[in-house]
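# Geometric and topological summary
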Amino acid sequence: MPGPGERQATSYKLDSLLCGTAEQWSSHLPAPASAQTMPVEEFVAGWISGALGLVMGYPFDTVKVRLQTQNAYRGIVDCMVKIYRHESILGFFKGMSFPIASIAVVNSVLFGVYSNTLQVLTATSHQDRRAQLPSYTCIFLAGCTGGFVQAYALAPFDLIKVRLQNQTESRVRLGSPPPRYRGPVHCAATILREEGPRGLFRGSGALMLRDTPTLGLYFITYEGLCYQYTPTGQQPSSTTVLVAGGFAGIASWVTATPFDVVKARLQMGGVQQRAYAGMRDCIVTSFRREGLAVFFRGFTINSARAFPVNAVTFLSYESLLRMWG
């Protein structure tokens, strides 16, 4: 049996770069039964793990969105203190009930599309891929496909989430002005009435550019670390999954943050009376007014949030798949 070094080198051969092995492409035999069916459990596990990760990271996500779209805060600590003082602890969870029911479902689309795309490219099931890592080309393509599909499924829900998170009005103080949106349904209805159906997809182009290559890198990092630190013939341990998932999250936000800033600003453009003509106008205007550093606002808190959120997401995802079969 070849050692880990020989096995890793094999994955870089030309036949692997073509997303399969020579035997798989030349053979006319049907793929194994486990690789012929669409594993629906991937979608269900993705939804549950996405919901758990969302709950854990939501307060940090609120702070990140505020930092990216408003200039009223001097930094992370100042933002957190002002939210707590003015809006109480509930301010960190504005709009969370809607993402649990919607964005978590979109997370299931990401994991389901990724796994099924990788299955099509390599003719292997999730468990089979633990024995032999597919080529990084296949993993990247599958991750990009999942990111692209997720981006357009996510766009309306993410827009509503960002709008609700940016409401600074306090609901616990008497005499406070009422918020612009009374909830997710009212927010969606208001956007449709004032901005039309296209308003729900404001910032979707930046979201697509953020998620498509980023999630390719995301899955490469996770799968590569799991494979590297798992003994041959075994499943990755819980510790390995936690660490690999955490570092995958951090790696993805390194490349995602600039477009995440642009996306958030485009999404808030119609509310804060500074609507941009488009993505290019947003990038140029933001750079002229605030310099290059503006595109990395929220990177620190994104990285701090990314490790525990994605560690929990992948651990719950892998645990559910093992439990189901």
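Where the residue is not glycine, phi is negative for most of them; where a peptide bond is considered, it is trans in most cases. Positive phi, normally seen in glycine, also occurs at Ser88, with a value near 70 degrees. Inspection of the secondary structure assignment puts Ser88 in the loop between helix 5 (76-87) and helix 6 (97-101). Looking at Ser88, the relative accessible area reads 19%, which means it is buried.

The next subject is the packing of aromatic side chains. All told, the structure shown has 10 aromatic pairs when counted by the stated rule. Judged by centre distance (5.2 Å) and plane angle (75 degrees), the rings of Tyr218 and Phe219 are edge-to-face. Each member of the pair, Tyr218 as well as Phe219, is classed as buried. Pairing Phe247 with Phe307 gives two aromatic rings, centres 5.5 Å apart and planes at 85 degrees, and the pair type is edge-to-face. Residue Phe247 is found in helix 12 (residues 238-268), and its partner Phe307 is found in helix 14 (residues 299-324); the two are separated by 60 residues along the sequence. Counting every residue linked through ring pairs, the aromatic cluster contains Phe111, Tyr114, Tyr218, Phe219, Tyr222, Phe314 and Tyr317.

Right, let's get into the environment of Gly233. By secondary structure assignment, the location of Gly233 is in the loop between helix 11 (204-228) and helix 12. Sequence separation of Gly233 and Arg130 is 103 residues, and the distance between their C-alpha atoms is 7.8 Å.

Moving on, we come to helix 13 (residues 279-290). Compared with the 16 Å implied by 1.5 Å per residue over 12 residues, the 16 Å span of helix 13 between its first and last C-alpha is a close match. Contact partners of the buried residues in helix 13: helix 12. Just past helix 13, the residue Gly291 takes up positive phi, approximately 80 degrees.

Calculation rules
Just so you know, the residues in each chain are numbered from 1, in the order the chain's sequence is written. In keeping with the model being predicted, local features are shown solely for residues with a pLDDT of at least 70 and side-chain atom pairs are shown and tallied solely at 80 or more, while totals for entire chains, interfaces and linings include all residues. Side-chain metrics rest on all non-hydrogen atoms present in the structure, leaving aside hydrogens and water. Note on conventions: DSSP H or I runs of at least 4 residues are helices, E runs of at least 2 residues are strands, and numbering of each starts at the N terminus. The cut-offs for exposure are 20% and 50% of the maximum accessible area for each residue type, with area from a 1.4 Å probe on protein chains only; residues under the lower value are buried, those over the upper are exposed, and the others partly exposed. The pairing test for Phe, Tyr and Trp rings, Trp by its six-membered ring, is centres within 6.5 Å, and the orientation test on the planes gives stacked under 30 degrees, edge-to-face over 60, and tilted for anything in between. How far a helix is expected to stretch is found by multiplying one less than its residue total by 1.5 Å. Here, two residues are considered to be in contact whenever any of their heavy atoms come within 4.5 Å of each other.

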